[in-house]
Amino acid sequence: MKRIYIKDLAVNGEETVLLKGWVHKIRDLSHVSFILLRDKSGIIQLVCTKEQIKGLRLENAIEVKGVVHANEKAPKGIEVEVTAIEVAGKVFYDKLPFEIQSYKEKATLETQLDYRTISLRIPKKKAIFRVQNEIETAFRAFFKSNYFEEIHTPKITHSGTEGGSEVFTVNYFNRRAFLSQSPQFWKQMMVGAGFERVFEVGYAYRAELHNTWRHLNEYVSLDVEMGFIKDETDLMNIEEKFLNYLYKYLKETCSEELRLFNVELPDELKIPRIPLAEAQEILLKEFNKKSPVGNIDNEGEALFHKYIKEKYNTDFVFLTEYPSAKRPMYAMECEDNAEITNSFDLIFKGVEITTGGQRIHDYEVLKAKMERLGIKVEDFDFYLDTFKYGMPPHGGFAIGLERITMQILNLGNIREAALFPRDMKRLTP
Ligand code: AMO
């Protein structure tokens, strides 16, 4: 008999169906017993005899045969009258680490992460990853349909890409190697290789010494790079188009999950673009908030979100024209002011979810800038070489997958949006 998923159940005469899943809840009344059965697609009420539930415990994996009936009192309007139950997976616990049956969160986030495969059985926790999965699907579909190709770049590298010391070292056959901070160089090289438009969904590693609600040491980076751009406005335009596509797609595919999190997505996104210096002035004028040189701190980002929400009624803002001193060496400087770059950040509900910009594509300009910054040019020959053979104007951006998931669902901690998060303290599960 073919197994049927709970989502596909419908009343179908006296036909017997085969269900497989976990015992989510047991209600043993005097005259009848109920099991809530949970599978990957949903939860359904099973009507059983006392004999049938004998020995069953919460979270046993079971296989059930039964007949579907309409019952308006059942949670989904239908229930399954069981004819046979078989235990497919035994349980070996004394007490579950925390309650899975309700949405009430009694366990701390740390405990939930310690018992990750148990906390992911909580339907609301699992829903986070349904949404995340659809974000990835939408990202791939949108960029593929815009003639981008998916690539995979090395995660073991010989140097960092983003400047700074936030790189993990790896012993690579007795040579020092690093875990990739970003596909940056390789996605640019692929533009140069003639692929023109590429994207990647892959892990990025940051040895950041921050143990915060918005930082992970291993995160999924949604990277985009495109050739023959006019300037960074082409990049902001395509990211804005993608976000509009994403919202529409999530509304179609994740309406139940979004409802679970009380999230209502707007129909159309129009994202204001404001130079960083102007944003800093606004913060000072409106909130008496001083910003660090060439940046906006966390508090400033949150205040600026408040301002943007009131003025433009949106949760997003592109901050543009970041200073050259604050951007990596590959950032293209503005034509009329070398102090600032053709780059941007995208701030979503007060949290940076994207960095992007136009890159330097002229070999001599790039080489001179690297020398000026004291970078050992010969170490980057593999990257620079590409620029000798007709590198077109290009640029790109990267979206942090866990960050965008966290912000769409208002999660409050990025670890909730990572299946098995890696932070300064956590190396298991
Ligand atoms: P950046 O370093 O700003 O830019 O990273 C891009 C985006 O990645 C996410 N992100 C993180 N998410 C979780 N934990 C972290 N520690 C973390 N660090 C970064 C954020 C951030 O906006 N090469 C450039 C991108 C480009 O210009 O194409 C880069 O990596 O969402």
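Everything numeric here is computed off the predicted structure, so don't read it as measured data.

Attention now moves to unusual backbone geometry. In this structure, the amide linkage connecting threonine 428 to the following residue, proline 429, adopts the cis form with an omega of -5°. Unlike most non-glycine residues, phenylalanine 228 shows phi in positive territory, near 60°. Relative to the helices and strands, phenylalanine 228 resides in the loop between strand E11 (218-227) and helix H6 (232-253). The exposed category is assigned to phenylalanine 228, whose relative accessible area is 56%. Even without being glycine, asparagine 313 reaches a positive phi, approximately 50°. Along the chain, the position of asparagine 313 falls in the loop between helix H9 (298-312) and strand E13 (316-320).

Another point: the sheet that holds strand E8 (residues 169-172). Sheet architecture is open: three strands sit in the order E7-E9-E8, paired in antiparallel fashion. Both outer strands of the open sheet, strand E7 (156-157) and E8, are each paired with one neighbouring strand and no more. As paired elements, E8 and strand E9 (residues 175-179) share four bridges and run antiparallel to each other. Note on E9: the bridge partner recorded for tyrosine 172 is arginine 175.

What follows is about the nonpolar core. If you look at the biggest cluster of nonpolar residues, it comprises 55 residues, and the most contacted ones within it are Phe143, Leu246 and Ile408. Among all residues touching isoleucine 408, those that are not within four sequence positions of it are Ile135, Leu246, Tyr247, Leu250, Leu258, Val263, Leu265, Phe348 and Lys349. The next biggest cluster of nonpolar side chains, apart from the first, holds 18 residues, and it includes Cys48, Ile53, Val64 and Val80.

Our focus in this paragraph is the domain arrangement of the chain. Domain boundaries assigned for the chain yield domain 1 (6-89) and domain 2 (123-271 + 314-417). Centre-to-centre, using C-alpha coordinates, domain 1 lies 46 Å away from domain 2.

UniProt feature "site: Important for tRNA non-discrimination" (unreviewed entry): in the numbering of this structure it lies at Pro75. Along the polypeptide, proline 75 turns up in the loop between strand E4 (61-70) and strand E5 (78-89).

Right, let's get into the pattern of salt bridges. Within this structure, the stated rule accounts for 31 salt bridges. Close ionic contact of aspartate 223 with lysine 187 constitutes a salt bridge, the shortest N to O distance being 2.6 Å. Here the residue aspartate 223 occupies a position in strand E11, and lysine 187 occupies one in helix H5 (residues 184-195), the gap between them amounting to 36 residues. With respect to burial, aspartate 223 and lysine 187 carry one shared label: buried. Its salt-bridge partner being arginine 415, residue aspartate 423 comes within 2.6 Å of it at the nearest N-O pair. Take aspartate 423 and arginine 415: they sit in the same class, and that class is buried. The structure contains a network of salt bridges with shared partners spanning Lys187, Asp223, Glu225 and Arg359.

Bringing the site of the ligand into the picture now. Looking at the ligand, there are 23 residues lining it, with Gln184, Lys187, Glu208, Glu352 and Thr355 nearest. Lysine 187 is positioned with one of its side-chain polar atoms (N or O) 2.7 Å from an oxygen atom of the ligand. In the environment of the ligand, an oxygen atom lies 3.5 Å from a nitrogen or oxygen atom belonging to the side chain of tyrosine 219. Protein contact buries 94% of the 620 Å² of open area that the ligand shows by itself.

Conventions used here
- Residues numbered from 1 in each chain as written.
- Predicted model: local features only at pLDDT ≥ 70, side-chain atom pairs only at ≥ 80, totals over all residues.
- Heavy atoms only, no water.
- Helix = DSSP H or I, 4+ residues; strand = E, 2+ residues; numbered from the N terminus.
- Buried < 20%, exposed > 50% of the residue type's maximum accessible area, 1.4 Å probe, protein only.
- Pairing = 2+ DSSP bridges.
- Core = buried A, V, L, I, M, F, W, Y, C linked by side-chain atoms within 4.5 Å.
- Contact = heavy atoms within 4.5 Å.
- Domains from an automatic or database assignment.
- UniProt positions renumbered as here; feature names shortened; annotations may be inferred.
- Salt bridge = Lys/Arg side-chain N within 4 Å of Asp/Glu carboxyl O.
- Near = heavy atom within 4 Å.
- Polar contact = N/O pair within 3.5 Å; in protein donor to acceptor, adjacent residues only side chain to side chain.
- Areas by Shrake-Rupley, 256 points an atom, 1.4 Å probe, with all protein chains shown as cover.

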